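# What the coordinates show
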Amino acid sequence: MSAGTYVPRPGAAPLPRMIAAQTALETRMLLRNGEQLLLTVIIPTLLLVLFSAVDIVDTGSGESVDFLTPGILALAVMSTAFTGQAIATGFERRYGVLKRLAASPLPRWALMTAKTLAVLVTEVLQVVLLTVIAFALGWSPHGNPFAVLLLLVLGTAAFSGLGLLMAGTLKAEATLAAANLVFLLLLVGGGVIVPLDKFPDAVQSVLGLLPIAALSGGLRDVLQHGAAMPWGDLGILAVWTVLGLGAAARFFRWE
């Protein structure tokens, strides 16, 4: 038999096909995990419904849902791109999954790309669900949809970098504890539910530099107040994106 007549031809699949297959696998694993669903879907939904229906926190003038929805959208991004990804990747690293995947034909950068795409797919589902619920609660959004999209993309990149940095440098158990602790602290102090102006002035200036505060504040400026483009918040998210992804690329350990 002459050369080149073997069918099927041995070798790795094309790179786009490998990334698409890994993305589909990562997405299925994420959606099948009950703890992840609790963190990424159920908790944001319950918070939106509860605080919109019951006057627990003073959100200022206007309807509570108009203030809360942008913050809950930011929380959904953080829960998926940071908390969920950090915990899942940390345990994959502990059990040697990443080490074995790194030895496959799929390049390491393509594996991280697939993980990021899986996060984006999950976030689309989250945003659609939360938007439908918010409209049912009487939400009246304003502003530029492109600005909202840009904020969500930059927020995802920033939190994804920070989550991968944590997962690639800490032990799995430490990542689990730290990621959940950070989630709770930023939920309370990141302007998600409690307005930042409720904190002392000195604390406000520090909290305003956090990625969750920039994301929730930027979304609120656009969706509640009709701002064109919140450049300040976008700048903060861009800085966190560069720092997070750069540090993750530099310090991530596969074993």
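This is a predicted model, so every value here is computed, not measured.

## Some points on the overall build of the protein
The secondary structure content of the protein amounts to 10 helices and 0 strands. Starting at the N terminus, the α and β elements of the protein follow one another as α-α-α-α-α-α-α-α-α-α. Taken over C-alpha atoms, the radius of gyration comes to 20 Å for the protein, in line with the 18 Å a tight globule of 255 residues would show. When the backbone C-alpha atoms are referred to their principal axes, the protein occupies close to 80 × 35 × 35 Å.

## Brief notes about the nonpolar core
Among the nonpolar cores identified, the biggest contains 48 residues, and Leu-48, Leu-75, Met-78, Phe-159, Ile-193, Leu-215 and Leu-219 are the most heavily contacted of them. Taken together, the elements giving at least two residues each to this core come down to helix 2 (34-53), helix 3 (64-94), helix 5 (108-136), helix 6 (145-169), helix 7 (172-189), helix 9 (211-223) and helix 10 (231-251). Counting residues per element, this core draws most heavily on helix 3, at 14 residues. Once you skip the residues sitting within four places of it in the chain, Leu-48 turns out to touch Val-65, Leu-68, Thr-69, Ile-72, Leu-130, Ile-133, Ala-134 and Leu-137. Ranked by size, the runner-up nonpolar core spans 12 residues in total, among them Met-18, Leu-98, Ala-248 and Trp-254.

## Re the packing of aromatic side chains
This model, assessed by the stated rule, comprises 4 aromatic pairs. A ring pair is formed by Phe-91 and Tyr-95, whose centres lie 6.1 Å apart and whose planes are at 40 degrees; its orientation type is tilted. On the numbers, 5.3 Å between centres and 40 degrees between planes, the contact of Phe-135 with Trp-139 is tilted. Phe-135 sits in the partly exposed class, given a relative accessible area of 47%. Judged by its relative accessible area of 7%, Trp-139 is buried.

## Observations regarding the confidence of the model for the protein
Counting all residues, the mean pLDDT for the protein is 89, and 96% of those residues have values of 70 or more. Ranking the elements of the protein by mean pLDDT puts helix 4 (residues 97-102) last, at 83, and helix 9 first, at 96.

## Overview of helix 9
Between its first and last C-alpha atoms helix 9 spans 18 Å; for 13 residues at 1.5 Å apiece the expected length is 18 Å, and the two agree. Most of helix 9 is tucked away, with 12 of its 13 residues classed as buried. Residues Pro-211, Ile-212, Ala-213, Ala-214, Leu-215, Ser-216, Gly-217, Gly-218, Leu-219, Arg-220, Val-222 and Leu-223 constitute the buried set of helix 9. Residues of helix 9 that are buried sit in contact with helix 3, helix 6, helix 7, helix 8 (201-207) and helix 10.

About the cut-offs
Residues numbered from 1 in each chain as written. Predicted model: local features only at pLDDT ≥ 70, side-chain atom pairs only at ≥ 80, totals over all residues. Heavy atoms only, no water. Helix = DSSP H or I, 4+ residues; strand = E, 2+ residues; numbered from the N terminus. Rg over C-alpha atoms; globule rule 2.2 N^0.38 Å. Core = buried A, V, L, I, M, F, W, Y, C linked by side-chain atoms within 4.5 Å. Buried < 20%, exposed > 50% of the residue type's maximum accessible area, 1.4 Å probe, protein only. Contact = heavy atoms within 4.5 Å. Phe/Tyr/Trp six-rings, centres within 6.5 Å; stacked < 30°, edge-to-face > 60°. pLDDT = per-residue confidence, 0-100. Expected span 1.5 Å × (residues − 1).

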